[in-house]
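Single-letter residue listing:
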Amino acid sequence: MKVDLLKMVEYGGCSAKISPKQLEEILKYLPLPKDPNILVDIDTQDDAGVYRINDELALVLTTDFFPPVCSDPYEFGQIAAANSISDVYAMGGDPVLALNIMMFPADRLPMEAYAEILKGGFDKATEAGVRIIGGHTIDDFPPKYGLAVVGYVHPKRIIANTGAKPGDYLILTKPLGTGIIMAGQRLGISTDGDVAEAKSLMKQLNNTGAGVMKKYSIRGATDITGFGLAGHALKMAKASRVSLNIEMKKIPLIGSTYKLVDEGCIPGASFRNLEYAEKDFSFSPDLDYNLKMVAFDAQTSGGLLICAPDDKTEQILTDLKDVGLTESSLIGQVTEQKEKLIYMYN
Amino acid sequence: MRIVDTRGQLCPAPLIAAKKALRETEAGESFMLLTDNQTSFDNLSRFLKDNNTHFQFSKAEGVWELTITRLTGDVSETRAEDYCTPEITHFEKGNYIVVVTSDKMGEGDEELGHLLMSNFIKAIKDLDRLPQKMVFYNKGVMIVTKNSPVIDHLRDLEKMGVELLLCATCVSHYSLSDSIGAGILSNMFTIVEVMTSTGNIIKP
């Protein structure tokens, strides 16, 4: 029996995240634990928490899970695992161990699909050098899958949202458009080629990009997921107390992403992200509306947004392309903090 | 009126249907769109507002009926070269609007009146604080035609973020529908709303 996971969900992948606005409201009431060994927590809007064990070692902890973003169970497992592990890479860490988190409707889907999802996750984790040593499954509909991941990082080599410095250039390592292309697929208006490209990008680990960041001792970066390029850039600007200029036309897009947006294929998550973030944005008056909405498109397992020092930017770009991230692009710059946090241009 | 029924469809399908219908609708014409999904309705409203598209809605028994009117002649879409300007700084705006009711400035010699109007429009561009909006009615719409000596300046103002609202009745009265070179066609309700909500109206 051929299983189509996409038929089960309205919002797949990172599009299914709760609205950032609601999340912020709720987290206000949750006290943050105080402990000098907590090096990074939600306070800086980061991708993962970091806990110091000793002067040489800190643990990176993160978890991520979501409903299907594609039809095939094995591919869904690969994408979910790549996405979960990505947060460790974005913090400059090496992922080591993981636990499966699974929700699966045992009475509505064949158990083969369950096994396929786990197999996809296992294979992707193995590629990343991560050992999955357990997990937990709940009977629930629609299915959801992801990992809780533990990684190692040297306490002095953490890469975080707080590390953007005025003068740095912004480099993005993957093209945008996974949310739009996959929404279009559900409506039958995305081409097979575009869907294949989107899936292959979502499965791609951010390990190679992370390797380049380590080589150049990068201190500021994040990975682009559910809040879109715009949302994650904003988190970085806030945490680093800087402003960012972003030039949308310099950003590579997957296949016919622009055409789909122009036809109105704008996923609901883009509007949620826009609503949360826009008060901190200045949009250039002539900004192309379609490109603006692309900036807010929720990415699943998106690329790294790297703050590169001026004098190393060219070398970093060359290195990123050499390790296979051929669409890495310089998309903007960090400035001193201004009235707004993000200035977006065509 | 044409009815686009998107009941039962989830985001972004209703938005795609709305955009397609908008493209197939003549300027000034309306169509009705039905949706039964709150998220789709919210996103549609946001999209239409962002794109200066006029709409009204009512809700009954869980179904929203949106009457969507295409006011603009999609002036912005026809000028792709405007999207190629790489560096545009963000301009500050003052607490005033400019209302242009004639193609001349002041009373007296006609030629002088035209010249003064041209200089007025050029001078606005250099102000520290730009107008919130510029409204053109009666013979004022004549300086927004493609052949107008100040059309480039008006387009620049538009690119700098100043919305140009043109009285649609006036444009059609003077048979200028095909020769308008900038701005958005608007109606008297919007024009009155803009004029009453701004404290200061500057009239050349």
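Residues numbered from 1 in each chain as written. Chains lettered and ligands numbered in written order. Predicted model: local features only at pLDDT ≥ 70, side-chain atom pairs only at ≥ 80, totals over all residues. Heavy atoms only, no water.

Thoughts on the sheet that holds strand β1 (residues 2-5) of chain B
Residues and elements named next belong to chain B.
Right, on to step 1. What the four strands build is an open sheet, ordered β1-β2-β4-β3; its pairing is mixed. At either end of the open sheet lies a strand with only one pairing partner, and these are β1 and β3 (54-60). For this sheet the average axis-to-axis angle between neighbouring strands, irrespective of direction, equals 20°.
Right, on to step 2. Two strands pair when backbone bridges link them, and strand β2 (residues 30-35) and strand β4 (residues 63-69) are joined in this way by six bridges, in the antiparallel orientation. When the sheet's bridge partners are listed, Leu-33 is paired in β4 with Leu-66. (Pairing = 2+ DSSP bridges. Helix = DSSP H or I, 4+ residues; strand = E, 2+ residues; numbered from the N terminus. Axes fitted to C-alpha atoms, helices over the stretch in contact; angles between N-to-C directions.)

Some remarks on the interface of chain A and chain B
Right, on to step 1. Of the residues lining the interface, 29 residues belong to chain A; the matching set on chain B comes to 24 residues.
Right, on to step 2. Interface area for chain A against chain B, summed over the two sides, is near 2200 Å², with a carbon-plus-sulfur share of 56%.
Right, on to step 3. Linking chain A to chain B there are three salt bridges.
Right, on to step 4. A salt bridge links B:Arg46 to A:Glu278; its shortest N-O distance comes to 2.8 Å.
Right, on to step 5. Viewed at the interface, chain B and chain A are joined by four residue pairs in polar contact (both at pLDDT 80 or more).
Right, on to step 6. Going through the elements one at a time, α8 (257-262), α9 (268-277), β10 (281-283), α10 (289-295) and β13 (342-345) of chain A are the ones with two or more residues in the side of chain A that touches chain B.
Right, on to step 7. A per-class count over the side of chain A that touches chain B returns 16 nonpolar, six polar and seven charged. (Contact = heavy atoms within 4.5 Å. Buried area = accessible area lost by both parts, 1.4 Å probe. Salt bridge = Lys/Arg side-chain N within 4 Å of Asp/Glu carboxyl O. Polar contact = N/O pair within 3.5 Å; in protein donor to acceptor, adjacent residues only side chain to side chain. Nonpolar A, V, L, I, M, F, W, Y, C, P; charged D, E, K, R; others polar.)

Looking at the pattern of salt bridges
Right, on to step 1. Under the defined criterion, the tally for this structure stands at 23 salt bridges over all chains.
Right, on to step 2. Between A:Lys28 and A:Glu25 there is a salt bridge, with the nearest N and O atoms lying 3.4 Å from each other.
Right, on to step 3. By relative accessible area, A:Glu25 is classed as partly exposed at 42%.
Right, on to step 4. Among the ionic pairs, B:Asp156 bridges to B:Lys125, the shortest N-O distance being 3.0 Å. One end of the pair, B:Asp156, is in helix α4 (residues 151-159); the other, B:Lys125, is in helix α3 (residues 110-125), and 31 residues separate them in sequence.
Right, on to step 5. Judged by relative accessible area, which is 26%, B:Asp156 ranks as partly exposed.
Right, on to step 6. By sharing partners, the salt bridges in this structure join A:Glu75, A:Lys199 and A:Lys203 into a single network. (Buried < 20%, exposed > 50% of the residue type's maximum accessible area, 1.4 Å probe, protein only.)

Quick notes on unusual backbone geometry
Right, on to step 1. Cis geometry is adopted by the peptide bond preceding A:Pro142, which originates at A:Phe141 and carries an omega value of -10°.
Right, on to step 2. Assignment of secondary structure puts A:Pro142 in the loop between β5 (131-138) and β6 (144-153).
Right, on to step 3. Cis geometry marks the peptide bond from B:Cys11 to B:Pro12; its omega dihedral reads 5°.
Right, on to step 4. Along the polypeptide, B:Pro12 turns up in the loop between β1 and α1 (13-24).
Right, on to step 5. If you check the backbone angles, A:Ser217 has positive phi at about 50° while not being a glycine.
Right, on to step 6. Residues other than glycine seldom take positive phi values, yet B:Asn138 does so here, at roughly 45°.
Right, on to step 7. Summarising the element assignment, B:Asn138 is placed in the loop between β6 (133-136) and α4.

Brief notes about the state of the cysteines
Right, on to step 1. A full pass over the atoms with the stated rule returns one disulfide over all chains.
Right, on to step 2. Lacking any disulfide linkage, B:Cys11 is separated from the closest cysteine sulfur, that of A:Cys265, by 9.0 Å.
Right, on to step 3. Assessed through its relative accessible area of 11%, B:Cys11 is described here as buried. (Disulfide = S-S within 2.5 Å.)

Here's the deal with the side chain of A:Thr313
Residue and element names in this part refer to chain A.
Right, on to step 1. Position of Thr-313 relative to the elements: it lies in helix α11 (residues 313-322).
Right, on to step 2. Using a relative accessible area of 3% as the deciding quantity, one classes Thr-313 as buried.
Right, on to step 3. There is a polar contact of 3.4 Å between the side chain of Thr-313 and the backbone oxygen of Asp-310.
Right, on to step 4. When near neighbours in sequence (up to four residues on either side) are disregarded, Thr-313 contacts Tyr-169, Ile-171, Ala-308 and Leu-330.

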